[in-house]
Each structure stands twice: as C-alpha cells, then as structure tokens.
Amino acid sequence: MDVGFDTSHPTFYDSDMNPRVKRMWDQIGSTGGGNEMYVGAEYTEEDFWLYGRSSYDSSEQYHGTHTLGIAAGNGGGTKFRGMAPESDICLVSNAVTSDEMYIEDKNLYKYTHATDALGFKYIFDYADSVGKPCVISFSEGSRQTLHDDDRLYYRVLDHLTGPGRIIVVSAGNEGFRNNYVCKPAARASAGTFMKIWGQQVAFSVTGEKGFALRTILYNVGNDAKASEGVDIADGKAMKVLSAEDVASCKDAMRRDTITVGENTYIQTSYAYRSAFHEDQWAMDVTIDGTGHVGYDYPLSVELTGEGSAAEMFLMNGTMCEDDANPYIADADITHGILSPGSAPAVICVGGTACRPVFTNADGERIEQSWGVNGERGNYSSVGPTFDGRTKPDVMAPGANVVSLMNHDFTDNTDNPNAKDLKSYTVYKEDIDNIHYEWTALGGTSMSTPAVAGIIALWLQANPHLTPQDVLGVMERTSRSCGDYGEKTPWYCGYGMIDAYSGLLDVLGMTNIEGLSREQSNRWDVRVTTERHLIIYDRTQEGGKANVKVFDTTGRLCRTMTLATVISPDGTYADISLADMPKGVYAIQIDSEKQPGSALIRL
C-alpha cells in the first residue's frame, strides 16, 4: 500500500508478459474500467490488460512504483531485481496529504486511518481468496499521539495480522531532528527552543500530577500586549500553564495571545487524559504566529514542577537550542518512530547506509552519504514508542537504493519535483516507445519493501509464520549495525536483516554441524532442469574444494572432493543429483578461500 503506482513496466509482468499485479484498489480516482468501492475503484487483472492501469496519481506521485520495485520487481530484463521477483502482487493506492487535490471536498472525511486499515484488509482478503500467504509493505506514517486513536488503530492491525499475514511499516526519517524532552522528577525544569520556517509549531506534553508548561517569547518590548495570565517583563513574555488549568476551561481548551508589533502569537492548549496513563493529564499545544515562529522572537517551551516527571513530544517544527538561553537544551532524537510503525503487531523497519556514492546515467559521480559500512543511517528514526516499547524491530539498506520510477512522472516536464530528481537517475531504457528511468532514492521508505520482500521469501518456505515468528527469526539471525550502548535497540532493533541466515532459520537448518550460515561471494551454485548441480568459481582461481549436501533434517546426503572447481579456461563442476528425492537442500562448499553455503530446490 503506497501512492503513485506505474504498473506498465515489464518488471511487474512475468516472462510471458502476464500481469503479476492481480488486483488494485485505487482509493483516489476511477478511470478506465474498475468497480466502485467505498472510495475510488477496484481493478482486476483483466483491467491491467485492457487499460494498462496505473494509479490515478501516477503523474504526480512515484513513491509506490519505487518501493514496489524494491519489494517485488523482477528487473524486466535489467539488473535491478527486487527481493521477491516471482511473487504475485496486490496493490492499494491510498490517500496522503499531497493527494488532496484529487479528492472532492465533500469526500475528504472518508480518508482516515480507518481507510488505510480497510486497505490492509483488502490485500489480506485477496490473498486469502487465492490461498496464499501475504506480506504488506507500507512506507508511510505520521506522528504518534497521546490520544486513544492510535491504540484503536493498533487493535485493528492486531486483528488483521496473524499466520501468513504480515504487515511491514517504515520507522520514519526523523533521525535528523530532536523529537523529545524528558523532565525527571528530581529536576525543576527541562525544555527546548522551537522554531519553524512557517506559521505553526506543535507538541504534546504529559506527566505526573503537578507538572506545568512554561512558554517564553524573547526579545519583546515592554509595549507588547498579551492576554490575561501572560507576564511581560525584562524583554520576555512568559506563560505558565498546567494541564489541570486547561481541563477546567470550557471544552478543556485555552487560548493565550501575545502581540509584538505587527506579529501576533496564539498558543492553543487542549487537555485530556493520556491514553497510556489514565491517571495523567496530557496537553496538545500549538503556537501560531503571523511570522516565522521562533525566528524573529526566540521561543522556548519548558516542563516544570519539581517532584513531577513529565515528557514532551514533537508534532511539528524543530526542537533546537538558542543563545537567548543556552541552558534550555534538553531535546534529543529519541521517540521519533512514526505510526503505524509504532504498532505492536507490525514489523517496524529502520534504515542503514551502505552506498554513499553512485554514478548517474550521465556518468556523474553523486556523493550523498547518510553513513557508511552498513551502519544505521543518520536519517533513521529512533525509538522507543511513546509508551516505551522498543522500535524499530529490524534494519535494512535505505541509502541510494535504485528502483523504477513512474514514466508519466519522469516525463512530466511541468513537475518541478521530476526535474529535481533527474541527477539521481541511474539507468534509462525505452520499451514500446515508453521512457523509463531507474532512480537512486533514500529513506526508511526504501528499507521497508526490502524487508517485506525478504519476509515473502521466508513465507514461501513456511506460509504459516506469524509476526511473532518473524520477529523471532530476526532476533536470532540479524547482524549488528551500530553500537549505542544500552539504547542500541532504540536505534537498530535487532540489527541488519539477514535474508539467507533467516531462511536457514525458517527451514530449521541453522544448527546443522558443518553448515555455514553465510553465503560465499566466491561460489555460484545453480541446478539445471536435469537436476545437475553446477558450481562456478566467480574468481576463476581454481583449486580444490570439498562439497557436502544436507537435507532440511540435517542429514548428510552426499559428500565429494573436487580437485578443480573451475580453471582459468572457464570449466566448472557438474554433479548429478538426479537420484535424490525432490526437496530443499543445503550445499556446503569448503575451500581455502571464502567457504560458504547455498540453498537449492530439486
């Protein structure tokens, strides 16, 4: 489920050019066939044949095509293959804020978290109808809240997932910014400055009885005007407000104003009980200004109340430091996981950085580094969730990942976003007079479909895996992608996903003595239609190798010593396995350099 799908490229068709996309619910628009739905329309495999369907927003949005190519593209004759290239595909093109232009005002109320939940249900229902397990990739999200809305959404997702029904969601790209302020009970105050190149900052606060919020606007003159309860002195306008104060107001809402020259600032506070601690009050606070908030007049927000622990969560704007008071500098990058990645029932994916440099289609070297050597990318959101649970769950590459773009987006010369992405184009091709481009993009949006595609491979091995089973595989087989001390799980979850080691775990083969849990970059192993095992040495260095064949129970089925696996003239090892029963087998190859294993199916 995503936005902006172009399904016309051969990467989304099989070798006989049959559509791999079997269904699509386009929640935005309805053109060219389709059956009416609650919103938008449904398109079947026949519609893709007749109309070459793309989602209604495909000339403006490209995100869905890029993520789908990572999860499931077969390359379409190029080298850019996704993780599960032979899977069947079911799509939902959902609504996001930038798609509002396609939606009639009278219908906007229909697009909520519930509509997204219906999208998840639609995909799972189709998978059930054809008797197949299913994994859903969803590279979207919004800020968590302290309201009950998120918890209700989480309950829905919990009911939708189960054996063979997995949802994978991006953690978000909030790792660049501060998201959170914690005031321990022993401290008198803790806070941050806030600003935005716009007209509104927003945040939520909650805490134990006795906490309050102190807001200060700096560099104001004594001629500034303010509503009752705002103190102006020494060039500062200050308001101290408790959640209990706001709760006693009409509709549990209070507005306070400060006018400085031509600028007016309005602080709106709304009080309610925290969804996570019913004995605690929470407040949603917005501060609107006629100028760019926090720039002309620095703005600090502090949690106060010695003896009362309290927390502040960013909703909009930037938490920062300012020379107006350098001691107010308590914000950090934790608690940045987006919803629904924060839901207990989903697999939440953060991003690593493996490719800091790439060469574009014009031969230009593009340096765009979010980190190196497969460690956590500095863009990737950091946990925990608002209620203290560990997220993300796992990590995958998310820096400069190459995948297909929408042809009608890249050819849209009136779209400035399309022009901006031209330098990131890595490969171009024309098919049937249609121009396609493959582009390097980054973020947890790209990490998420990689994990979803890997889980699809695991589901092929065991269609009954539950989300808890998948998390168990990740815990046992993922690799480290950074050390942040005791907070490492908040940054990296279980670590970098390992598709191959995870598959061995799913098959129950990780404890086979003598079987490596890593594939070797040296050996290329394949099986012919006549069930001959072919082993190449990519290095062409030659030399002796010992080969063992194990079945999934760990039984050693065959062992042999090859004097020369490959010689410089290009010969290779050809081993007949025609007498062995059908099934999955592990091939262990031991040599002086780069031992490793591989899985085959007879």
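Residues numbered from 1 in each chain as written. Predicted model: local features only at pLDDT ≥ 70, side-chain atom pairs only at ≥ 80, totals over all residues. Heavy atoms only, no water.

So, the overall build of the protein: which residues are in play, and what are the values?
Assigned secondary structure in the protein consists of eleven helices and 36 strands. The globule rule puts the C-alpha radius of gyration for 602 residues at 25 Å, and the 28 Å found for the protein is close to it. Overall size of the protein, expressed as C-alpha extent along the three principal axes, is 90 × 55 × 50 Å. A burial count over the protein gives 54% of its 602 residues as buried. Within the structure as shown, the protein displays about 26,500 Å² of accessible surface, and the carbon and sulfur contribution to it stands at 46%. Each charge class in the protein can be summarised by its mean position, and for the 50 positive and 82 negative side chains these summaries are 4 Å apart. (Helix = DSSP H or I, 4+ residues; strand = E, 2+ residues; numbered from the N terminus. Rg over C-alpha atoms; globule rule 2.2 N^0.38 Å. Buried < 20%, exposed > 50% of the residue type's maximum accessible area, 1.4 Å probe, protein only. Areas by Shrake-Rupley, 256 points an atom, 1.4 Å probe, with all protein chains shown as cover. Lys, Arg positive; Asp, Glu negative; His and termini not counted. Charge placed at Lys NZ, Arg CZ, Asp CG, Glu CD.)

Outline the pairing of strand β31 (residues 532-537), supporting the account with residue identities and numerical values.
Across five bridges, the pairing between strand β30 (residues 523-527) and β31 is antiparallel. Within the sheet, the bridge partner assigned to Val-525 lies in β31 and is Ile-535. Hairpin connection of β30 to β31: four residues between the antiparallel strands, including Arg-531 at a positive phi of 65°. Pairing geometry for β31 and strand β34 (residues 573-576), over four bridges, is antiparallel. Bridge pairing links Ile-534 to Asp-574 in β34. (Pairing = 2+ DSSP bridges.)

Please provide a residue-by-residue account of the layout of surface pockets, values included.
Taken as a whole, the second largest pocket holds about 520 Å³ of empty space. If you go around the second largest pocket, you meet 20 residues; those closest to its centre are Ala-95, Val-96, Thr-97, His-113 and Asp-116. Among the residues forming the lining of the second largest pocket, the class breakdown is eight nonpolar, nine polar and three charged. (1 Å grid on protein atoms, 1.4 Å probe; cavity = no way out; pocket = protein on both sides within 12 Å on 5 of 7 lines; lining within 4 Å. Points joined across faces, edges and corners; volume = space filled by probe spheres on them. Nonpolar A, V, L, I, M, F, W, Y, C, P; charged D, E, K, R; others polar.)

Give me the sheet that holds strand β1 (residues 21-26): which residues, what numbers.
Within the open sheet, the four strands sit side by side as β2-β3-β1-β4. Their pairing is mixed. Two strands close off the open sheet at either side, each with one partner strand: β2 (35-36) and β4 (89-93). Two strands pair when backbone bridges link them, and β1 and strand β3 (residues 41-44) are joined in this way by four bridges, in the antiparallel orientation. Its bridge partner lying in β3, Trp-25 is registered against Glu-42.

Quick rundown of the sheet that holds strand β32 (residues 545-551)? Include the residues and the values.
Within a sheet, adjacent strands bond to each other through the backbone by hydrogen bonds, running parallel or antiparallel. Pairing is antiparallel across the open sheet formed by four strands, whose spatial order is β33-β32-β35-β36. Two strands lie at the open edges of the sheet, namely β33 (556-562) and β36 (596-601), each paired on one side alone. Averaged over all pairs of adjacent strands, the angle between strand axes in this sheet comes to 20°, irrespective of strand direction. Pairing analysis gives six bridges linking strand β35 (residues 584-590) to β36, with the strands arranged antiparallel. Bridge pairing in β36 places Tyr-585 opposite Ile-600. (Axes fitted to C-alpha atoms, helices over the stretch in contact; angles between N-to-C directions.)

Can you break down empty space enclosed by the protein residue by residue, with the values?
By rolling a water-sized probe across the atoms, one finds the places where empty space is left. Considering all chains together, one arrives at four cavities of 30 Å³ or more under this definition. Around the largest cavity sit 14 residues that line it, and Thr-215, Asp-256, Ile-258, Tyr-265 and Gln-267 are the ones nearest its centre. Looking at the lining of the largest cavity, the elements that each hand over two or more residues are β11 (212-218), β14 (236-242), β15 (253-260) and β16 (263-273). When the residues that make up the lining of the largest cavity are grouped by side-chain class, the tally is ten nonpolar, two polar and two charged.

Before we move on, could you go through the environment of Tyr-500 and cite the residues and values that matter?
With respect to the helices and strands, Tyr-500 occurs in helix α11 (residues 499-506). Owing to a relative accessible area of 9%, Tyr-500 belongs among the buried residues under this scheme. It is 31 Å that separates the C-alpha atoms of Tyr-500 and Gly-388, two residues lying 112 residues apart in sequence. Among residues more than four places away in sequence, those in contact with Tyr-500 are Ser-516, Arg-517, Glu-518, Gln-519, Ser-597, Ala-598 and Leu-599. (Contact = heavy atoms within 4.5 Å.)

Can you tell me about the nonpolar core, naming the residues and giving the values?
Of all hydrophobic cores here, the largest spans 34 residues; its most connected members are Phe-203, Val-205, Leu-213, Leu-217, Met-283 and Met-312. Those residues in contact with Leu-213, other than ones at most four positions away along the chain, are Phe-203, Val-205, Lys-239, Val-240, Leu-241, Gln-267, Met-283, Val-285, Val-301, Glu-302 and Met-312. Counting 28 residues, the second-largest nonpolar core is a separate cluster that includes Val-401, Leu-465, Met-474 and Val-506. (Core = buried A, V, L, I, M, F, W, Y, C linked by side-chain atoms within 4.5 Å.)

A description of helix α3 (residues 113-129) should follow, citing residues and the corresponding values.
Taking 1.5 Å of rise per residue, the 17 residues of α3 would be expected to cover 24 Å, and the 24 Å separating its terminal C-alpha atoms lies within 8% of that figure. Along α3, the residues that are buried comprise Thr-115, Asp-116, Ala-117, Gly-119, Phe-120, Tyr-122, Ile-123, Phe-124, Tyr-126 and Ala-127. Residues of α3 that are buried in the fold lie against β1, β3, β4, β5 (134-138), α4 (148-160) and β7 (165-170). For α3, the N-terminal capping position is held by Thr-112, with its side-chain oxygen 3.0 Å away from the main-chain nitrogen of Ala-114. One or two positions beyond α3, positive phi appears at Gly-131, with a value near 70°. (Expected span 1.5 Å × (residues − 1). Polar contact = N/O pair within 3.5 Å; in protein donor to acceptor, adjacent residues only side chain to side chain.)

Got a sec to walk through the packing of aromatic side chains? Specific residues and values, please.
A complete count under the given rule lists 15 aromatic pairs for this structure. Ring centres 5.7 Å apart and planes at 55° place the aromatic pair Phe-80 and Tyr-427 in the tilted group. In this pair, Phe-80 sits in the loop between α2 (63-72) and β4 while Tyr-427 sits in strand β28 (residues 425-431), placing the two residues 347 residues apart along the sequence. With relative accessibility at 14%, the residue Phe-80 sits in the buried group. Their ring planes at 75° and their centres at 5.8 Å tell us that Trp-370 and Tyr-379 sit as a pair that is edge-to-face. On the accessibility criterion, Trp-370 (19% relative accessible area) is buried. (Phe/Tyr/Trp six-rings, centres within 6.5 Å; stacked < 30°, edge-to-face > 60°.)

A description of the packing of helix α8 (residues 444-461) against helix α9 (residues 467-477) should follow, citing residues and the corresponding values.
Close contact between α8 and α9 brings their axes to 12 Å; oriented N to C, the two are set at 105°. With respect to each other, α8 and α9 are oriented roughly perpendicular. For the pair α8 and α9, contact is made by Val-451, Ile-455 and Trp-458 and by Val-470, Val-473 and Met-474, respectively. Of the residues contributing to the contact of α8 with α9, the split by class is six nonpolar, no polar and no charged. (Parallel < 35°, antiparallel > 145°, perpendicular 65-115°, else oblique.)

Before we move on, could you go through unusual backbone geometry and cite the residues and values that matter?
A cis geometry characterises the amide bond from Ser-339 onward to Pro-340, with omega recorded as 15°. By the secondary structure assignment, Pro-340 is in the loop between β21 (338-339) and β22 (347-353). For Met-17, which is not glycine, the phi dihedral falls at a positive 60°. Judged by relative accessible area, Met-17 falls into the partly exposed class, the value being 38%. The residue Asp-234 is not glycine, and still its phi comes out positive at about 55°. Counting through the fold element by element, Asp-234 comes out in the loop between β13 (231-233) and β14.

Take it as geometry only, folks, not as evidence of what the structure does.
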